[in-house]
Amino acid sequence: MKAFTLICVLATALKGIFALNIVNSTSLDSERRSADTCADPNLAVKFRQWYSISQRAHVLDLTIAIVNANTETGADWTWQADSFLAWGSPQEFVFPFYVFVSTTTGDNIYLLSSDGTVPTVAGAISGGIVGFAYSTQICGSVPLFSLANAAAGDHWYTTSTAERDALISVGWADEGVMAFVLPVPSWCVLP
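Note that this is a predicted model, so its numbers are computed, not measured. (Residues numbered from 1 in each chain as written. Predicted model: local features only at pLDDT ≥ 70, side-chain atom pairs only at ≥ 80, totals over all residues. Heavy atoms only, no water.)

## Some points on the overall build of the protein chain
Part 1: When helices and strands are tallied, the protein chain shows three helices and nine strands.
Part 2: Counting helices and strands in the order they occur from the N terminus, the protein chain gives α-β-β-α-β-β-β-β-β-β-α-β.
Part 3: In the form shown here, the protein chain has an accessible surface area of approximately 10,400 Å², with 60% of it arising from carbon and sulfur atoms. (Helix = DSSP H or I, 4+ residues; strand = E, 2+ residues; numbered from the N terminus. Areas by Shrake-Rupley, 256 points an atom, 1.4 Å probe, with all protein chains shown as cover.)

Written as structure tokens, this is what we have:
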């Protein structure tokens, strides 16, 4: 265990120093980036899932947005998971995904627009574009599954089929694939 931890620490340091692009075997290794079809994965940023106890809601966002919300409004968002990699600004070959906030439950619902129109959600107001992702599974991307718990008025988003299936088994509704995103690299996970 100590040797593995030391290797992870050294690998993390080397990754930072040399900006190595180490990804897992299901990621970009299987498909090389093509300038004709893929957004630049080096420009992708990490989206995290956060939870607010007071709002009983999950949200997907970049760390800076949550830090700002917690500081400026006294919000109580806490980090729960590094969810996926996507783009924080427009790139070729990716489409915007929007957040909608339910006016009754405060639930955050995310939808991708691949046709240039802003989607709508009944009973929710648009919070605008959150990020950019693929509309089809290309360039090493994986599905971002959407699940809903209607009783709690909450949504959860995951790239894990095991997590999706576990939530379905305890009553969450499968709402399908919201978008296709890049997986968070898992090359150095402690046992």
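## So, the state of the cysteines
Part 1: All told, the structure shown has one disulfide when counted by the stated rule.
Part 2: In this model Cys38 forms its disulfide with Cys139; the gap between the sulfur atoms is 1.8 Å. The disulfide joining Cys38 to Cys139 has a torsion of about -90° about its S-S bond and is therefore left-handed. Highlighted residues: Cys38 in the loop between helix H1 (2-18) and strand E1 (45-52) and Cys139 in the loop between strand E6 (124-133) and strand E7 (142-149), separated in sequence by 101 residues. Residues Cys38 and Cys139 agree in their burial class; the two are buried. (Disulfide = S-S within 2.5 Å. Buried < 20%, exposed > 50% of the residue type's maximum accessible area, 1.4 Å probe, protein only.)

## Notes on the side chain of Ser83
Part 1: Here Ser83 is to be found in strand E3 (residues 77-86).
Part 2: Only 3.5 Å separates the side chain of Ser83 from the backbone nitrogen of Gln49, close enough to count as a polar contact.
Part 3: Look past the residues within four positions of Ser83 in its chain and what remains in contact with it is Phe47, Arg48, Gln49, Leu60, Thr159 and Val184. (Polar contact = N/O pair within 3.5 Å; in protein donor to acceptor, adjacent residues only side chain to side chain. Contact = heavy atoms within 4.5 Å.)

## Describing the pattern of salt bridges
Part 1: Evaluation of the coordinates by the stated rule reveals three salt bridges.
Part 2: We note a salt bridge from Arg48 to Asp82, for which the minimum N-O separation is 2.5 Å. With Arg48 in strand E1 and Asp82 in strand E3, this pair connects stretches of sequence that are 34 residues apart.
Part 3: Given the relative accessible area of 22%, Arg48 is considered partly exposed.
Part 4: For Arg164, the salt bridge identified is with Asp165, shortest N-O distance 2.9 Å.
Part 5: Salt bridges sharing common partners tie together Lys46, Arg48 and Asp82. (Salt bridge = Lys/Arg side-chain N within 4 Å of Asp/Glu carboxyl O.)

## Observations regarding the confidence of the model for the protein chain
Part 1: Per-residue confidence for the protein chain averages 81 on the pLDDT scale, and 77% of its residues sit at or above 70.
Part 2: Per-residue pLDDT, averaged within each element of the protein chain, yields its smallest value for H1 (39) and its largest for strand E9 (residues 173-181) (98).
Part 3: The low-confidence segment residues 1-31, where pLDDT is below 50, has 33 contacts with residues more than four positions distant or belonging to other chains. (pLDDT = per-residue confidence, 0-100.)

## What about the environment of Ala86?
Part 1: Within the fold, Ala86 resides in strand E3.
Part 2: Separated by 45 residues in sequence, Ala86 and Gly131 have C-alpha atoms that sit 6.8 Å apart.
Part 3: Not counting residues within four places of it along the chain, the set of residues in contact with Ala86 comprises Ala44, Val45, Phe47, Phe97 and Phe132.

## Looking at the sheet that holds E6
Part 1: The strand order across the open sheet built from three strands is E5-E4-E6, with neighbouring strands paired in antiparallel fashion. Of all strands in the sheet, those with a lone pairing partner are strand E5 (108-112) and E6, marking the two edges. Neighbour to neighbour, the strand axes of the sheet diverge by 25° on average, direction disregarded.
Part 2: Of the strand pairs in this sheet, strand E4 (residues 95-102) and E6 are connected by eight bridges, and their pairing is antiparallel. If you follow Tyr98 over to E6, its bridge partner there is Ile129. (Pairing = 2+ DSSP bridges. Axes fitted to C-alpha atoms, helices over the stretch in contact; angles between N-to-C directions.)

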